[in-house]
Amino acid sequence: MAAAIGIAGLGAVGAAALKGASEHGTQAPAHLRGAAPLPYARVISLNLAIDEKHRADALGAACRAVAAVDGGQTAAWMAVGADGLPQSAIIPRQLKRMPSFAGDLLDSSSSHGDLLIHITAASARAVPDAASQALRALPQWDVRWHLDGHRPENHVQHGKGLARNPFHFTEGYGNPDTTAGITERAVVTADQGEPDWAVGGSYQVVRIIRLATDFWDRDTVHEQERVIGRRRDGRWLDGTPSTEQPAFAADPAGKITPLDSHVRKAAPDRRHPPPLVRRGYNYQRSTDDQGLIFSCFQRDLEKGFEAVQHRLQGETMTKYTLTTGGGYFFVPPPGESWLTALL
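Cut-offs and rules
- Residues numbered from 1 in each chain as written.
- Predicted model: local features only at pLDDT ≥ 70, side-chain atom pairs only at ≥ 80, totals over all residues.
- Heavy atoms only, no water.
- Helix = DSSP H or I, 4+ residues; strand = E, 2+ residues; numbered from the N terminus.
- Rg over C-alpha atoms; globule rule 2.2 N^0.38 Å.
- Contact = heavy atoms within 4.5 Å.
- Areas by Shrake-Rupley, 256 points an atom, 1.4 Å probe, with all protein chains shown as cover.
- Lys, Arg positive; Asp, Glu negative; His and termini not counted.
- Charge placed at Lys NZ, Arg CZ, Asp CG, Glu CD.
- Axes fitted to C-alpha atoms, helices over the stretch in contact; angles between N-to-C directions.
- Parallel < 35°, antiparallel > 145°, perpendicular 65-115°, else oblique.
- Left-handed = near helix turned anticlockwise from the far one by under 90°.
- Nonpolar A, V, L, I, M, F, W, Y, C, P; charged D, E, K, R; others polar.
- Core = buried A, V, L, I, M, F, W, Y, C linked by side-chain atoms within 4.5 Å.
- Buried < 20%, exposed > 50% of the residue type's maximum accessible area, 1.4 Å probe, protein only.
- Salt bridge = Lys/Arg side-chain N within 4 Å of Asp/Glu carboxyl O.
- Polar contact = N/O pair within 3.5 Å; in protein donor to acceptor, adjacent residues only side chain to side chain.
- Pairing = 2+ DSSP bridges.

**Student:** How do you make sense of the overall build of the protein when you look at a structure like this?
**Tutor:** When helices and strands are tallied, the protein shows 10 helices and 12 strands. For 343 residues, the compact-globule estimate of 2.2 N^0.38 gives 20 Å, and the C-alpha radius of gyration of the protein, at 20 Å, lies within 12% of that figure. C-alpha extents for the protein along the principal axes are approximately 60 × 45 × 35 Å. Within the protein, contacts between residues at least 6 apart in sequence are counted, and of these 76% link residues at least 24 apart. Surface accessibility of the protein: about 15100 Å² in total, with carbon and sulfur atoms responsible for 51%. Averaging the locations of the 36 positively and 37 negatively charged side chains of the protein gives two centres separated by 3 Å.

Next up, the structure:
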């Protein structure tokens, strides 16, 4: 079913774009390529530096600049913000500025943007080189904010891309373990009421989450595991392996896995996981400022990230985290066909 949705369910523009990507040797759009993303990244938010009437030309230049650095040991893509498209364009239904959720303290200087360029690479050295090359080709855009990230212990296990976060826990177990599963969660289809040009694209959410690592490390491992709802090695607290579903129904009062633990708040019914794909990175700007570049992709922003975010209110982990930036963006289908259709 997922494979059918991924190709047959795409509109003409989206299907043509994905077909074109396949003909050029890539099996998926850059943001969804591979079970695990490449281990090093730079996220760059830009604002348009020229007048509105030249916005379409600037978007075309951005497409070409990103395509020039995508491939081989580098995966790069662009995404547009709510104000990044021409005023005459029909924008994706759910694309807007990221709101401030309960507990957020968003810094405007590290939030939002007209355009997002996300560059990942197999080596730390390749990221700034690719970023510099792309930005040299984009004099029409000004950098609003940027942040570098990495994925310690980045690896694939049972078809899922896993990495260690600054809280010493492995992330990624909730992602699909097949390409079809990733497509089903992350790629917009023709039956969603989205603009034709957006079919085959994805909503991307970026959240810069500062983590109180010193505060966290004062807790025992047992206390940390009860806050997360998993063991550090990925097993569930009831002993169930990471590859199987925990028996939450047998623990209605949360004696084994607390009801306010992260995993239980995020997805109380593990048989129906949140319809999104996480591909985040750790960041460290100083010893006092480190955390996560949370990044996820979905076909439906309200059913994906926003539904999870609302469920997470009241979780125990809130006292260890502070979201300070990020934004909502839309990743167009591969190629430039979407831009022609947009106009």
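**Student:** Honestly, the packing of helix α3 (residues 55–69) against helix α4 (residues 126–136) in this entry has me stumped. Any pointers?
**Tutor:** Axis separation between α3 and α4 bottoms out at 9 Å; the angle between their running directions is 155°. On the basis of the axis angle, α3 is roughly antiparallel to α4. Crossing of α3 over α4 shows right-handed handedness. Side by side, α3 and α4 meet where A65, A68 and V69 of the first sit next to A130, Q133 and A134 of the second. Here the contact of α3 with α4 is composed, by residue class, of 5 nonpolar, 1 polar and no charged.

**Student:** It is not clear to me how the nonpolar core should be interpreted in this structure. Could you clarify?
**Tutor:** Across soluble globular proteins, nonpolar side chains have a tendency to be buried as a group. M78, L115, W141 and F305 are the most contacted members of the largest nonpolar core, which has 57 residues in total. When residues of this core are assigned to their parent elements, the largest contribution, 8 residues, is made by α3. Residues within four places of M78 in sequence aside, it is in contact with L59, A62, C63, V66, L115, L116, V331, P332 and W338. Grouped together as the second largest cluster of nonpolar side chains are 22 residues, V43, A75, L147 and Y281 included.

**Student:** I'm lost on the pattern of salt bridges in this one. Help?
**Tutor:** Two side chains bearing opposite charge may form a pair once their charged atoms approach each other closely. This structure, assessed with the given rule, holds 17 salt bridges. Close ionic contact of D83 with R97 constitutes a salt bridge, the shortest N to O distance being 3.7 Å. Here D83, found in the loop between β2 (74–80) and β3 (115–121), pairs with R97, found in the loop between β2 and β3; they are 14 residues apart in sequence, far enough to count as distant. For D83, a relative accessible area of 42% gives the class partly exposed. The salt bridge involving R278 is made with E171; its shortest N-O contact spans 3.1 Å. You can see R278 sitting in strand β9 (residues 277–278) and its partner E171 sitting in strand β7 (residues 170–171), a full 107 residues away along the chain.

**Student:** Teacher, can you tell me more about the side chain of S295 here?
**Tutor:** Positionally, S295 belongs in strand β11 (residues 289–298). Within the local environment of S295, its side chain forms a polar contact with the side chain of Q204, the two groups lying 3.1 Å apart. In contact with S295, not counting residues within four places along its chain, are H118, Q204, V205, V206, V277, R278, R279 and G280.

**Student:** I keep staring at unusual backbone geometry and nothing clicks. Help me out?
**Tutor:** Among all residues except glycine, the phi angle is most often negative; among peptide bonds, the trans geometry is most common. Although it is not a glycine, H112 sits at a positive phi angle of roughly 65°. Mapped onto the elements, H112 comes out in the loop between β2 and β3. What makes H112 buried here is its relative accessible area of 12%. Positioned with a positive phi, H168 is a non-glycine residue whose angle comes to about 75°. If you trace the backbone, H168 turns up in the loop between β6 (160–164) and β7.

**Student:** It is not clear to me how the sheet that holds β7 should be interpreted in this structure. Could you clarify?
**Tutor:** Within a sheet, neighbouring strands are paired by backbone hydrogen bonds and run either parallel or antiparallel to one another. Reading across the sheet, the 3 strands line up as β5-β6-β7 and stay open at both edges, with antiparallel pairing between neighbours. Unpaired on one side and paired on the other, β5 (155–157) and β7 mark the two borders of the sheet. Inspection of the sheet shows β6 paired to β7 by 2 bridges, in the antiparallel sense. Bridging across to β7, R164 finds its partner in T170.

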